[in-house]
Amino acid sequence: MAAAFPLLSLLLLPLLLPATNAIYCDEDDCYDLLGLKQDANASEIKKAYYKLSLKHHPDKNPDPESRKLFVKIANAYEILKDESTREQYDYAIAHPEEVFYNTAQYYRAYYGHKTDPRAVLIGLLLIVSAFQYINQLTRYNQAIESVKQTPAYRNRLKALEFERTGGIASKKKGHKQVDKKVEEEVSNEVELQIHGVEKPSVWRLYGVQFILLPYSIGKLLTWEICWFWRYWVKKLPYAWEDACYLTQTSLKIPASTWKNIDESRKEDLVTRRLWEKGNMERYIAETRKESKRRR
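Starting from 1, residues in each chain are numbered consecutively following that chain's sequence as written. The model is predicted, so local features are restricted to residues of pLDDT at least 70 and side-chain atom pairs to those at 80 or more, both for listing and for counting; the totals for chains, interfaces and linings are taken over all residues. Side-chain measures here rest on the full set of heavy atoms in the structure, leaving out hydrogens and waters.

Identification of the protein as J domain-containing protein from Urochloa decumbens is taken from an unreviewed UniProt entry. UniProt positions are given in the numbering used here, feature names are shortened, and annotations may be inferred rather than shown by experiment. UniProt lists a comment for the protein under the heading Subcellular location (unreviewed entry), and it reads "Endoplasmic reticulum membrane".

Spelled out as C-alpha cells, the structure:
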C-alpha cells in the first residue's frame, strides 16, 4: 500500500496542476480574447489588438471591468505577436497532456530571455574574483604570521633593535618587548621575502584578466613576432632579459623563484646556455654528481 502511494500521487499530479494553456492566458483562450481564429496571421493579430485597445484602454474607458479585460488582451497580444511563444502556446493547446514540458517552455520563454547573458557573465566573474581575492589574502596573511613565528624573524628583530639603540637595551620596555616601529620595519622586509605566496593583486584576478584578454593576446602576439624576427630571422645574440627567460623556462622554475636567486648564480646559469639540449644534459649530470658527493 505504501509503495502504491507515490505512484498514485504521480498519476494525479497532472490533474492537480492547471491546464498548460491556462498558464498563458489564465482560463481564457488567447485567440478568443482578441476575437481571432488560430490560423490568424501577424497582421490580423496586430489589428485586432489595436482595435480592442482603443475600446478598453484605461485612458479611453475608466470602467474597472474594462481595465481588467484590457490587461488580459495585452497579455494575449504579447503571447501571440511573438512567433516562438505563439508556437509554444499552439503546442500547449494541441498537447495538453504534456504538462511538465509545456510549463517548462512557458517559464523559459518568459523568464529565461529576460536575463542578459552578459550580466550573468559579469556577475559570475565578480563573484569568482571576490572569492579568489579573499583566498589569496587569507593565504598571504597566514604566510606572514608563519614567518613571524620563525627564529630568523625574531633574530632580525633583535638585530634591528640593537642597531637602533646602539647596543643599549630599552629598560622601559624590557628585553623581551620590541619597539613597534622596528617590528613594522621588519614586517615590510619579510613581506618581500616570502616564497610560494604572492601578495594579492587586483591585476591577477580572473575578472580583470578576462577584461584585459584582448590586450594580453595582442601583447603576446607582438612578443612572439619580435622574438621570431630578432632571433630566428636576424640571428642576433640573446639579450640579458631574454637569456634569463630561456634559462628560467629550461629549469622549469617559477618567475618568483628566479627573481630571488642571487645575481652571481643567475649569471652562471645564463652563461651555461641551458636552453640548448647538450648544455642542459651536462648541467643535470653535474648537479646529480654534486648531490651524490655531498651525501
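(A) Representation of the state of the cysteines within the structure. When two cysteine sulfur atoms lie within 2.5 Å, the pair is treated as a disulfide. Applying the stated criterion across every chain yields a total of one disulfide. Residue pairing for C25: its cysteine sulfur links by disulfide to C30, the two sulfurs lying 1.9 Å apart. Around the S-S axis, the bridge from C25 to C30 shows a dihedral of about 105° and counts as right-handed. For every residue, the accessible area obtained with a 1.4 Å probe (protein chains only) is divided by the maximum for its type, and the residue is called buried under 20%, exposed over 50%, and partly exposed between those limits. The class of C25 is buried, set by a relative accessible area of 4%.

(B) Expanded view of the packing of aromatic side chains. For Phe, Tyr and Trp, where Trp contributes only its six-membered ring, two rings pair if their centres lie within 6.5 Å, and the inter-plane angle classes them as stacked under 30 degrees, edge-to-face over 60, or tilted in between. Summed over all chains, the structure comprises 12 aromatic pairs. Taken together, a centroid distance of 5.5 Å and an interplanar angle of 75° make the contact between Y238 and W275 edge-to-face. Separated by 37 residues along the polypeptide, Y238 in the loop between helix 12 (213-233) and helix 13 (240-251) and W275 in the loop between helix 15 (263-271) and helix 16 (277-294) bring together distant segments of the chain. On the basis of relative accessible area, Y238 is assigned to the partly exposed category, the value being 30%. The way it works is that DSSP assigns letters per residue, a run of H or I at least four long becomes a helix, a run of E at least two long becomes a strand, and they are numbered from the N terminus.

(C) How the structure looks around helix 8 (residues 117-148). Helix length check: helix 8, at 32 residues, gives a terminal C-alpha distance of 46 Å against a target of 46 Å (1.5 Å per residue), a fit within 8%. Residues of helix 8 that are buried: L125, S129, Q132, Q136, Y140, A143 and I144. One less than the residue count of a helix, multiplied by 1.5 Å, gives the span that helix is expected to have.

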